Amino acid sequence: MTNFVDQDFKHNFHTHTFRCKHAKGDVADYCARAVELGMETLGFSDHSAMPDDRWIRVRMHYEQLDDYIDAIDRAREDFPQLNIKKGMECEYVPRLHHYYEDELLGERAFDYLIGAAHFFTDDNGKWSGTYGGTTSAKTLADFARYSVEMIETRLFDFIAHPDLFGNCYPTWDANTEACARDIAQAAAENGVGLEINALGLRKIAGRPTAFPQYPWEPFWTVVAEAGAPVLVNSDAHRPDDLQGRAGDAMNLAHRQGIKLMSPDLIGRRQAA
Ligand SMILES: [Zn+2]
Ligand SMILES: [Zn+2]
């Protein structure tokens, strides 16, 4: 059986910068570290600026967006040996569909966007958070519905930590199984990737008995059965974490019989 080590991980599409207020380092710091580690692809995906500056405690201000883009453009000149991609990690706010499609992927020429459910809506459109959220079956169904809606927009090349509900639901049961199946089937049907998140593994390593609990292995059994595309990302919030526990995340995929998708499938918009 293949045993992957962190150094086998060469393509990371989930990287933050200081602008989100809970990460360290700027674009160039991550690029320098990626070169030291012999990595090939580095995709930046800081928590997205929002035109109305909502959820501002964990993201850049809208007026910082130009600076973020400039930092990535500069790095492309300074680190020609790296394949650098321009992205952001977004919640999907339906009312702002035009922002993702026309401004970010259009005018501003982002290579890709990541969909994420740090916040999600109930069926009345009311937002709640996955961190510290309640643990009811209803919440889980909301998480699944929101995730499927996000996948079906096809605005997002992949979904970050689609099993993040491990943060707010304690046991694997028929409800988690149904949630996983809905997400995995939508991803398979729409060709949208699902991310095995190595930051989750780093958190588990630091606090083995507590929440958060993702990646959640039975989720990936369901994904394997559905045949959805899967990738591993670091979700780096510090340059030193660019490969941290990525080997373990690749081994999780391998254990589940999942062959990882080609990195060439991410950020195709500009190439197309
Ligand atoms: Zn973050
Ligand atoms: Zn992230």
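Residues numbered from 1 in each chain as written. Chains lettered and ligands numbered in written order. Predicted model: local features only at pLDDT ≥ 70, side-chain atom pairs only at ≥ 80, totals over all residues.

### As for the overall build of the chain
Counting its regular elements, the chain contains nine helices and nine strands. Considered along the principal axes of its C-alpha atoms, the chain spans approximately 50 × 45 × 35 Å. Pairs at least 24 residues apart make up 77% of the contacts formed inside the chain by residues separated by at least 6 positions. (Helix = DSSP H or I, 4+ residues; strand = E, 2+ residues; numbered from the N terminus. Contact = placed C-beta atoms within 7 Å.)

### Focus on the sheet that holds strand S8 (residues 193-197)
With respect to topology, seven strands assemble into an open sheet ordered S1-S2-S3-S4-S7-S8-S9, the strand pairing being parallel. The sheet is open, and its two edges are formed by strand S1 (11-12) and strand S9 (230-233), each paired on a single side. Relative to strand S2 (residues 41-47), S1 runs parallel, the two being bridged by two bridges. Bridging across to S2, His-11 finds its partner in Thr-41. (Pairing = 2+ DSSP bridges.)

### Brief notes about the environment of Arg-238
If you trace the backbone, Arg-238 turns up in the loop between S9 and helix H8 (246-255). In this structure Arg-238 comes out as partly exposed when scored by C-beta crowding, with 14 C-beta atoms within 10 Å. C-alpha of Arg-238 to C-alpha of Asp-29: the two residues are 209 residues apart in sequence and 9.0 Å apart in space. (Buried ≥ 20, exposed ≤ 12 C-beta atoms within 10 Å, placed from the backbone.)

### Side note on the nonpolar core
Among the nonpolar cores identified, the biggest contains 57 residues, and Leu-113, Ile-159, Ala-187, Val-223 and Val-232 are the most heavily contacted of them. Formed by 16 residues, the second largest nonpolar core is a distinct cluster that contains Tyr-30, Met-39, Leu-42 and Ile-84. (Core = buried A, V, L, I, M, F, W, Y, C linked by C-beta atoms within 7 Å.)

### What to know about the pairing of S9
Here S9 shows a buried face lined by Val-230 and Val-232 and a second buried face lined by Leu-231 and Asn-233. By the bridge criterion, four bridges tie S8 to S9 in an arrangement that is parallel. Each residue of the ladder has a partner; that of Asn-197, found in S9, is Asn-233.

### What to know about the packing of helix H1 (residues 27-36) against helix H2 (residues 65-78)
Between H1 and H2, whose axes approach to 9 Å, the crossing angle comes to 30°. Remark: the crossing between H1 and H2 carries right-handed chirality. Between H1 and H2, the contacting residues are Val-27, Ala-28 and Cys-31 on the first element and Ala-71, Ile-72, Ala-75 and Asp-78 on the second. Looking at the contact of H1 with H2 residue by residue, the classes come out as six nonpolar, no polar and one charged. (Axes fitted to C-alpha atoms, helices over the stretch in contact; angles between N-to-C directions. Left-handed = near helix turned anticlockwise from the far one by under 90°. Nonpolar A, V, L, I, M, F, W, Y, C, P; charged D, E, K, R; others polar.)

### Quick notes on the environment of His-14
Relative to the helices and strands, His-14 is located in the loop between S1 and H1. For His-14, a count of 26 C-beta atoms within 10 Å translates into the label buried. His-14 sits 243 residues away from Gly-257 along the chain, and the two C-alpha atoms are 23 Å apart.

### Some details on the environment of Gln-81
Structurally, the position occupied by Gln-81 is in the loop between H2 and strand S3 (83-90). Look at Gln-81 and you get exposed, because 10 C-beta atoms sit within 10 Å. Along the sequence, Gln-81 and Gly-115 sit 34 residues apart, while their C-alpha atoms lie 28 Å from each other.

### Quick word on the packing of helix H4 (residues 137-152) against helix H5 (residues 174-190)
Closest axis-to-axis distance for the H4/H5 pair is 9 Å, and the angle between their directions is 0°. Taken together, H4 and H5 sit at an angle that is classed as roughly parallel. From H4, Ala-137, Leu-140, Phe-143, Ala-144, Ser-147, Val-148, Ile-151 and Glu-152 reach across to H5, where they touch Asn-175, Thr-176, Cys-179, Asp-182, Ile-183, Ala-186, Ala-187 and Asn-190. Its residues placed into classes, the contact of H4 with H5 shows 10 nonpolar, four polar and two charged. (Parallel < 35°, antiparallel > 145°, perpendicular 65-115°, else oblique.)

### What about the pairing of strand S4 (residues 112-115)?
Of the two faces of S4, the one carrying Tyr-112 and Ile-114 and the one carrying Leu-113 and Gly-115 are both buried. For S3 and S4, the ladder comprises four bridges, and the chain directions are parallel. Considered in S4, the bridge of Met-88 is made with Leu-113. Each parallel crossover has a hand, and for S3 linked through helix H3 (residues 97-107) to S4 it is right-handed. The pairing of S4 with strand S7 (residues 158-159) spans two bridges and is classified as parallel. Paired with Gly-115 across the strands is Ile-159, a residue of S7. (Right-handed = clockwise from strand over helix to strand, strands pointing away.)

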